[in-house]
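This is what each chain is made of:
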Amino acid sequence: RAPLPAAGAASWRGVRGHLHSVETAGAVDGPGVRFVAFAAGCPLRCLYCHNPDARVARHEQETTAGAVIDEVARYARFLRRAGGGFTVSGGEPLL
């Protein structure tokens, strides 16, 4: 696994976005135990949406990529031992 860039090493840390919620011990969004960041908002209305509560960005939390990575880093040791990792889900994470 590639190490995370050092704090302040890249401009991506300041990229702003909106989170619906996070799950620190997800078991259905990838292999192993996952830290899952759920993006807020989605213009699609897929019939079998896995996270319909994240479609509308009502109570989202504005944050930065760096803040999310810092929070994930707090769980990194556990996530590695659990064979898991980090998942960005939605809402729609590419908006």
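Whatever comes next refers back to the structure up there.
These lines cover the structure that appears in this document, whether it is placed above or below. (Residues numbered from 1 in each chain as written. Predicted model: local features only at pLDDT ≥ 70, side-chain atom pairs only at ≥ 80, totals over all residues. Heavy atoms only, no water.)

Okay, the overall build of the chain next. In terms of regular secondary structure, the chain is built from two helices and four strands. Reading the secondary structure of the chain in the N-to-C direction produces β-β-β-α-α-β. When the 95 residues of the chain are sorted by exposure, 31% land in the buried category. (Helix = DSSP H or I, 4+ residues; strand = E, 2+ residues; numbered from the N terminus. Buried < 20%, exposed > 50% of the residue type's maximum accessible area, 1.4 Å probe, protein only.)

We now examine the sheet that holds strand β4 (residues 85-89). Taken together, four strands build an open sheet; the order of strands is β3-β1-β2-β4 and the sheet is mixed. Each of the sheet's edge strands pairs with one partner strand only, and the pair in question is β3 (61-64) and β4. Strand-to-strand, the axes of this sheet are offset by a mean angle of 45°, without reference to chain direction. Bridge analysis of strand β2 (residues 34-39) against β4 gives five bridges, and the strand direction is parallel. (Pairing = 2+ DSSP bridges. Axes fitted to C-alpha atoms, helices over the stretch in contact; angles between N-to-C directions.)

This next bit is on helix α1 (residues 65-74). Taken residue by residue, α1 has Gly66, Val68, Ile69 and Val72 as its buried positions. Here the buried residues of α1 occupy an arc of 160° about the axis, which is enough to place them on one side. Where α1 is buried, its residues contact β1 (16-26), β2, β3, α2 (76-81) and β4. (Arc of directions from axis to C-beta. Contact = heavy atoms within 4.5 Å.)

Now for the packing of aromatic side chains. Taken as a whole, this structure holds two aromatic pairs when the rule is applied. With a centroid separation of 5.7 Å and 45° between ring planes, the pair formed by Phe35 and Tyr75 is classed as tilted. Separated by 40 residues along the polypeptide, Phe35 in strand β2 and Tyr75 in the loop between α1 and α2 bring together distant segments of the chain. Using a relative accessible area of 0% as the deciding quantity, one classes Phe35 as buried. Grouped by ring-pair contacts, the aromatic residues Phe35, Tyr75 and Phe86 constitute a single cluster. (Phe/Tyr/Trp six-rings, centres within 6.5 Å; stacked < 30°, edge-to-face > 60°.)

Our focus in this paragraph is the nonpolar core. Counting residues in each nonpolar core, the largest one holds six residues, listed as Leu19, Phe35, Ala37, Val68, Val72 and Leu79. For this core, the elements supplying multiple residues, two or more each, are β2 and α1. (Core = buried A, V, L, I, M, F, W, Y, C linked by side-chain atoms within 4.5 Å.)

What follows deals with the side chain of Arg34. Structurally, Arg34 is set in strand β2. In this structure, Arg34 is buried with no salt-bridge partner, the nearest side chain bearing the opposite charge being Asp29 at 7.7 Å. Within the local environment of Arg34, its side chain forms a polar contact with the backbone oxygen of Phe86, the two atoms lying 3.1 Å apart. A polar contact of 3.0 Å, which involves the side chain of Arg34, links it to the side chain of Thr87. For Arg34, the contacting residues outside a window of four places in its chain are Glu23, Thr24, Ala25, Gly26, Asp29, Leu79, Gly84, Gly85, Phe86 and Thr87. (Lys, Arg positive; Asp, Glu negative; His and termini not counted. Salt bridge = Lys/Arg side-chain N within 4 Å of Asp/Glu carboxyl O. Polar contact = N/O pair within 3.5 Å; in protein donor to acceptor, adjacent residues only side chain to side chain.)

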